[in-house]
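Listed here are the chains, written in short residue letters.
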Amino acid sequence: MAKKKKSAKKTKKLNFTLSNQQKLVFGSLLLILGILLFIAFLSYFFTGEADQSTLTKFSSRGIETQNWLSKIGAWVSDLFIYRGFGIAAFIFSGLIFISGIYVLLGIKKNRLRRHWFWGTLIVIWTSILFGFLAEKNSILGGTIGFEMNDFLQDYIGKIGTALLLVLGLITYLAIRLKVTAQHFGKLFKSAKKEIKEEFSTENEHEFVPIDNDLTAEAEDIKSAFDVQVENLEPTISHHSKIDKEEEEETIEDDVEIEIETLTEEQSVTDNLASKLVEDFGKFDPTLELGNYQFPPLDLLKKYEGEGITVNKDELEENKNKIVETLRNYKIGISSVKATIGPTVTLYEIIPEAGVRISKIKNLEDDIALSLSALGIRIIAPIPGRGTIGIEVPNKDATIVSMYSVIASQKFQKGEMELPIALGKTISNETYVVDLVKMPHLLMAGATGQGKSVGLNAALTSLLYKKHPAEVKFVLVDPKKVELTLFNKIERHYLAKLPDSEEAIITDNTKVINTLNSLCIEMDNRYEMLKNAFCRNITEYNTKFKARKLNPNDGHHFLPYIVLIIDEFADLIMTAGKEVETPIARLAQLARAIGIHLIIATQRPSVNVITGLIKANFPARIAFRVTSKIDSRTILDGSGADQLIGRGDMLYTQGNDLIRIQCAFVDTPEIERLTEFIGSQKAYPNAHLLPEYVGEESGTSLDIDISERDQLFKQAAEIIVTAQQGSASLLQRKLKLGYNRAGRLIDQLEAAGIVGHFEGSKARQVLVPDLAALDQLLENEKNI
């Protein structure tokens, strides 16, 4: 036991740590000491000779010295500079000053020790160097530098001492600064090239006739327009996004080659890629439109009076009514706090002990009645705060302009791949989300509540942030009037099918083909990622920019693709499963390869927003709806039915609901924005999606059995069972689009199962029952 106590005492003695107060005192002492040393050393160069005679009488107070720090300054500077290391002694003052900073900030001691180690070596080397250059002892190298140099020259001579100094310099550069032989080679080549160019320039000037003014002027004009081929950059564009610092680092540092356990062919590709990066820099996908200019903020409208004004009378009145209403039901309130937003004010209340939260929640309608206001929502409790929130609409709502959210620091400086500025929260903070992390967005609400404005806000956000080479839009607009303004930027930002005339899709048949084309694009991209040994689009594009993927092998830069559907309910009604199936595939799989979906609908019923779709759209926006059922369909909970409309919305990404006032962007603003982008140089065509060959269309009768639809027999059984030959029946029963149902009716007519077209009447069914149908189909097989 006694031994353990002794060892514990020893441990305590060795554990030397400074408190924050001690760090402040000790660090300040070192800082001041470093500054005093520097002043004393600097003064020595002006007063050193005058103070030489006083150094022997240091203890006498009557002797005056010229040094700026008096006697101690004269003695210390003489010790370090004349008797010590000469000019190199200044490094010691710097090291002491740095030590003070390290102590004050509590930085790790290992780095400080490294500074002292290398600093001391530099002092010794510099002292010897100046001692070598000086013929006699001087303040340049000091006594130590002179004596050490004299000692070395006695044994290895002057040449040996010089080479030893060069070796010391090389050792420092190699170990401390990581310099290699390749850097010296590159330095020699660049110097040689400059000398050669200088020599060639001088030779050209030798032949300029001095006495002829006209010839001299002509020569000057020629030199102004002549550009030597050697001086051209590999990529000529002042709008290139390759950072100059990155280029310098590529030239100065060694080329780092990834070491992977891959095939020999892959290893050769990586080496070649590293060489290409060294020669040309990273690949820049924006170079084709290098002069592209992002739209300025003044294209958007800035509304007057956007700032939130506090109406104290309104706040006090609402507070009193809330407290009074709750008091009528014997619910005491200990405190009330108000947070004012653009359209809604949040009153946070803390009930007295013993009050049940559900009791307050059930008084939602009573509070709305007492305040004479619509859109009151109670959040009980507010997550993470321990309070109950009551959201009350403001009497005078404030417009949240698109200008204000785009100009915000959160949007301008946010590090997001596909940023979307939705609007402002109750606390008046700009709310920006990343579509890549969502990864898909479902937007729903009643007619005229702000869905189309929300889509325009999402498109505007991406246009202000992403280059045309980085993102492409597939726009589906069954209403044919909401997204037509974006036709002007077709060759910049839009994607379409190869045989399509217009990029914005309004025909339901083309929607089906486009969705299936996106599925083909998704499969192609996954194949490219597999061949490139990448897991997502970010890794793939990074590898491609580093020139590690060969375009001859089918690799190319992959832009993000954003599919936007303005009215999803109309597609489901007319196309059914033919639309739902590819959308479900894209929603499940397309995230990793950069295809993202934004779907809007004004009919949030369960047959439109099915469970399959909801499961793959965790991010949802709900504008005002008419019933609690619709709210639950979108958000899996109530709340959307209590919104006040005009852009008031609830956003969720699978957890809490956030109330946001959507940013307002008007039609003239969209016109100015698309006009600005469309007036600039564009790509030759819109981005082309893979060609999709769908089923044969038309009304010609299919006679060949092999060309029949896969659902032919099932459709025949439905028609015979119902004894009604109509395409709408097949649409309902098989959940098909009208075109496919019509083709099935034509095939049934060719097979003799239904009769000819008779206008508005249903076709006559020629087969009486299922037994006769089986016999008919069996006879066809035997023919």
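Now for a quick tour of the structure. (Residues numbered from 1 in each chain as written. Predicted model: local features only at pLDDT ≥ 70, side-chain atom pairs only at ≥ 80, totals over all residues. Heavy atoms only, no water.)

1. Regarding the overall build of the protein chain
Rules: Segments assigned H or I by DSSP are reported as helices when at least four residues long, segments assigned E as strands when at least two residues long, and all are numbered from the N terminus. Buried residues are those whose accessible area, probed at 1.4 Å on protein chains only, stays under 20% of the maximum for their type, while exposed residues exceed 50% and partly exposed ones sit between those limits. Working rule for contacts: check all heavy atoms of both residues, and any pair within 4.5 Å makes them a contact. Each accessible area is a Shrake-Rupley estimate made with a 1.4 Å probe; only the visible protein chains count as cover when residues are assessed.
A count of helical and extended segments in the protein chain gives 28 helices and 15 strands. Looking at the protein chain residue by residue over its 783 residues, the buried ones come to 43%. Of all intrachain contacts in the protein chain linking residues separated by at least 6 positions in sequence, the fraction that spans at least 24 positions is 68%. Carbon and sulfur atoms provide 56% of the accessible area of the protein chain, an area that totals close to 44,400 Å².

2. Some remarks on the environment of aspartate 553
In this structure, aspartate 553 sits in the loop between α19 (537-545) and β10 (560-565). When the C-alpha positions of aspartate 553 and methionine 528 are compared, they lie 9.4 Å apart, and in sequence the two are 25 residues distant.

3. With respect to the nonpolar core
Defined as follows: Throughout this description, the term nonpolar core refers to a set of buried Ala, Val, Leu, Ile, Met, Phe, Trp, Tyr and Cys residues connected via side-chain atoms within 4.5 Å.
In terms of nonpolar packing, the biggest core is built from 109 residues, with Phe473, Ile598 and Tyr651 touching the most fellow members. Sort the elements by how many residues they give to this core and helix α18 (residues 508-531) lands first, with eight residues. Non-local contacts of phenylalanine 473, meaning those with residues more than four positions away in its chain, are made with Leu459, Leu462, Leu463, Tyr493, Leu494, Ala495, Val562 and Ile564. Listed in part, the 22 residues of the second largest apolar core include Val720, Ala727, Leu736 and Leu744.

4. Comments concerning the packing of helix α3 (residues 70-85) against helix α6 (residues 142-176)
Selection rule: Axes, fitted as lines to C-alpha atoms, cover a helix only where it is in contact. Angles between the N-to-C directions of the axes lie from 0 to 180 degrees. Put simply, angles under 35 degrees are roughly parallel, angles over 145 are roughly antiparallel, angles from 65 to 115 are roughly perpendicular, and the rest are oblique. Three classes are used, and their members are as follows: Ala, Val, Leu, Ile, Met, Phe, Trp, Tyr, Cys and Pro are nonpolar, Asp, Glu, Lys and Arg are charged, and the others, Gly among them, are polar.
Running from N to C, α3 and α6 cross one another at 10°; their axes reach a closest spacing of 2 Å. One way to sum up the angle between α3 and α6 is to call them roughly parallel. Between α3 and α6, the residues in contact are Ile81, Tyr82, Arg83, Gly84 and Phe85 and Gly142, Thr143, Ile144 and Gly145, respectively. Among the residues forming the contact of α3 with α6, the class breakdown is four nonpolar, four polar and one charged.

5. Observations concerning the sheet that holds strand β3 (residues 377-382)
Defined as follows: The rule for pairing is simple: two strands pair if DSSP sees at least two bridges between them.
In space, the four strands of this open sheet follow the order β1-β2-β4-β3, with antiparallel pairing throughout. The open sheet has two edge strands, β1 (333-340) and β3, and neither has a second partner. Neighbour-to-neighbour, the strand axes of this sheet turn through a mean angle of 20°, independent of strand direction. As paired elements, β1 and strand β2 (residues 344-351) share seven bridges and run antiparallel to each other. Note on β2: the bridge partner recorded for isoleucine 333 is proline 351. Helix-sheet contacts for helix α11 (residues 312-328) involve β1, β2 and β4 (387-393), and the interaxial angle to β2 is about 40°.

6. Some thoughts on the packing of aromatic side chains
Operational definition: Stacked, tilted and edge-to-face are the three classes assigned to paired rings of Phe, Tyr and Trp, where Trp is represented by its six-membered ring and a pair needs centres within 6.5 Å; plane angles under 30 degrees give stacked, over 60 edge-to-face, the rest tilted. Ring-over charges, as used throughout, are those where CZ of Arg or NZ of Lys falls within 6 Å of the ring centre and within 35 degrees of the ring normal.
A full pass over the atoms with the stated rule returns 16 aromatic pairs. With 5.2 Å between their ring centres and 85° between their planes, phenylalanine 283 and phenylalanine 544 make a pair best called edge-to-face. Of this pair, phenylalanine 283 sits in the loop between α10 (264-280) and α11 while phenylalanine 544 sits in helix α19; the two residues are 261 residues apart in sequence, bridging distant segments of the chain. Residue class for phenylalanine 544 comes out buried when judged on its relative accessible area of 8%. The ring of phenylalanine 411 carries the charged tip of lysine 465 above its face, separated from the ring centre by 5.2 Å. It is arginine 708 that lies over the ring of phenylalanine 712; its NZ or CZ is 4.3 Å from the centre.

7. With respect to helix α25 (residues 712-722)
For α25, the complete set of buried residues consists of Phe712, Ala715, Ala716, Ile718, Ile719 and Val720. Tucked into the core, α25 has its buried residues touching α26 (727-734), α27 (738-750) and α28 (770-782). Of the residues flanking the end of α25, it is glutamine 723, one or two places downstream, whose phi is positive at about 50°.

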